[in-house]
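A closer look at the structure
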Amino acid sequence: MRRLLMGIIVIGLIGTTSCMQEQEVQGVETPEPVVHAGPKMPKNIIFMIGDGMGLTQISAALIAQRDALNLERCAVIGLIKTNSGDNLITDSAAGATAFSTGQKTYNGAIGVDMDTLPLTTILEIAEQSGLATGLVATSSITHATPASFISHQKSRMMDEEIAMDFLKTDIDVFIGGGKKFFERRTDNKNLLDQLKSNGYTVATGLEEINAVSTGKLAGFIADEQPRKVTEGRGQALAESAMKAIELLSMNEKGFFIMVEGSQIDWGGHANDSEYIISEMEDFDYTVGKVLDFAEANRETLVIITADHETGGYGIVGGDIEAGTVETRFLTAFHTATMVPVFAYGPGAEAFAGTYHNTAIFNKMMASLELNAN
Ligand code: MG
Ligand code: ZN
C-alpha cells in the first residue's frame, strides 16, 4: 500500500514538471518541487550556506513571503548534526571547515584540524582537478565561512593572514567585503597589486563587478563588512552570485562555488527578527536565481544548508495573510539544533537523510567524482 502511494506521488510530480519550470514564485502560490530529469552526475556544484539559518529562520521568511519560498523548489531534503570537534555548539569556522574538509575541528579553526594542521579543502581539490572555483559572501571574504574553503589559519580572527591565503590557491572568482584586509595592511603589502599581477581583474562595487565579462575576478562590495540588505546593499548577493556563476561556467570541466548569505546569523546574534527575515528573503531570492540557472543548465547540483542555527529563534504567533510573525529568542549565540539541507539537480538524492555536517564534504566529493590527493 505504501509503495503504491509512493508510485502515485512520483508520477504526479513528473507529470507536472514541465509547467512548474515556468512558474514564477509570487503571491500565495507554493511551487511544487521539480523532479530533475537530466544526467546522473553533476558537472558543477553550487553550494549555498545560509549562516545561522535554522528551520525557524526559514519559517519566518516563509510567513513573511505569504507561504512561498524558492527553497521549496528543492525536492530532496536532509538534516545535519552540527556539533564541532570541541563543542556541542559549533561556530561558523568549525561549521564551514566541516563542509569544506570533512573533518570536525575546534571552534574558531579555519581549514585546520584539532591540532591546527592544514586540511585540504574541496575548493582546493576542485581547483587542482581543473574545475573553476569561486566564493561569494555578504560578509568580508576573509570572514569565517568563506575563509574556511581557501585558508588555513588557527584562528578566524586572523583576517590579514586569511587574505594572504587567497593568493595561494588559484581561485577564479571571489566577491565579498573585506577590501581593506588586502589593501591597507599592517605589513604594508598591497595584495591587490599581487592579485592584478596574478591575472585578476580587481573590481570595487557592483557596477565594476558586473562589467567584468571574462577571466579571473577579485570583487569587493565593501571595505570591511557589507551593509545590511535593509540599509542599501541592494541585490549584491544575487548579482555577485550570478556574475560569478557566469564567469565560472566558461570552464568546460565544470565548477565549484560556495555562496553565503552571511548576515542571517548576524540578525540572530542581534535577536532582531526583521534583520533575520530581510536577510533570509535576500538569500532566498538568490536561491531562486541559482535554481533558475540550474534548471536551464541541467548539469548543476545545488545544495543549500546552514552551518548552525542562531538565536534559539522561535515563532509564537503571527498571521500568514498579513505576513507577520511574533518571535522569541533563547540566546544571543548559536544553538545545537539540527539544520536542514535542500538539494536540487543531478546527484541531489544523496543528500536525503540525517547525517553529520562532515558528510556534506564526502557527498559533494563523490558527486563531482573528486579524489583527495
Ligand atoms: Mg558566515
Ligand atoms: Zn554566528
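Residues numbered from 1 in each chain as written. Chains lettered and ligands numbered in written order. Predicted model: local features only at pLDDT ≥ 70, side-chain atom pairs only at ≥ 80, totals over all residues. Heavy atoms only, no water.

1. Some points on the packing of aromatic side chains
For any pair of aromatic rings, the description consists of the separation of the ring centres together with the inter-plane angle of the planes. Counted under the stated rule, the structure contains 11 aromatic pairs. With a centroid separation of 5.3 Å and an interplanar angle of 85°, the aromatic rings of Phe47 and Phe99 are classed as edge-to-face. With Phe47 in strand β1 (residues 44–50) and Phe99 in helix α3 (residues 92–101), this pair connects stretches of sequence that are 52 residues apart. In terms of burial, Phe47 and Phe99 fall into one category: buried. An aromatic cluster of three or more residues is present, and its members are Phe166, Phe174, Phe182, Tyr200 and Phe220. A cation over a ring is seen here: Lys228 above Tyr275, with NZ or CZ 4.4 Å from the ring centre. One residue, Lys363, lies across the ring of Tyr355, its end atom 4.4 Å from the ring centre. (Phe/Tyr/Trp six-rings, centres within 6.5 Å; stacked < 30°, edge-to-face > 60°. Helix = DSSP H or I, 4+ residues; strand = E, 2+ residues; numbered from the N terminus. Buried < 20%, exposed > 50% of the residue type's maximum accessible area, 1.4 Å probe, protein only. Lys NZ or Arg CZ within 6 Å of the ring centre and 35° of its normal.)

2. Concerning the coordination of the magnesium ion (ligand 1)
Every protein donor of the magnesium ion (ligand 1) is accounted for by Asp51 (OD), Thr145 (OG1) and Glu260 (OE), and the metal-donor separations fall at 2.0 to 2.2 Å. Between the donor residues of the magnesium ion (ligand 1), the gaps in sequence give the motif D-x93-T-x114-E. Of this pair, Asp51 sits in the loop between β1 and α2 (55–64) while Thr145 sits in helix α5 (residues 144–147), placing them 94 residues apart in sequence. Grouping residues by exposure puts Asp51 and Thr145 together as buried. (Donors = N, O, S within 2.8 Å, 3.2 Å for Na, K, Ca; no water.)

3. Quick look at the pattern of salt bridges
Where side chains of opposite charge bring their charged atoms close, a pairing between them can arise. This structure, assessed with the given rule, holds 15 salt bridges. One salt bridge in this structure joins Glu183 and Arg184, with 3.8 Å as the shortest N-O distance. Put simply, Arg185 and Asp187 hold a salt bridge, and the shortest N to O gap is 3.0 Å. Taking relative accessible area as the criterion, Arg185 reaches 7% and is therefore assigned buried. (Salt bridge = Lys/Arg side-chain N within 4 Å of Asp/Glu carboxyl O.)

4. So, the coordination of the zinc ion (ligand 2)
For a metal with four tetrahedral donors the ideal donor-metal-donor angle is 109.5 degrees, whereas six octahedral donors ideally subtend 90 or 180 degrees. Coordination of the zinc ion (ligand 2) by the protein involves Asp265 (OD), Asp265 (OD), His269 (NE2) and His334 (NE2), with metal-donor separations of 2.1 to 2.3 Å. For the zinc ion (ligand 2), the 4 donor atoms in the first shell make angles of 57 to 152° at the metal, so the coordination geometry reads as irregular. Spacing between the donor residues of the zinc ion (ligand 2) along the chain follows D-x3-H-x64-H. A residue pair is termed a helical-turn pair when its members lie 3 or 4 positions apart in one helix, as Asp265 and His269 do in helix α11 (residues 264–269) at 4 residues. By relative accessible area, Asp265 is classed as buried at 5%. (Tetrahedral: all angles 85-135°; square planar, octahedral: opposite > 155°, others 65-115°.)

These results come straight from atomic positions and should not be treated as a statement about function.
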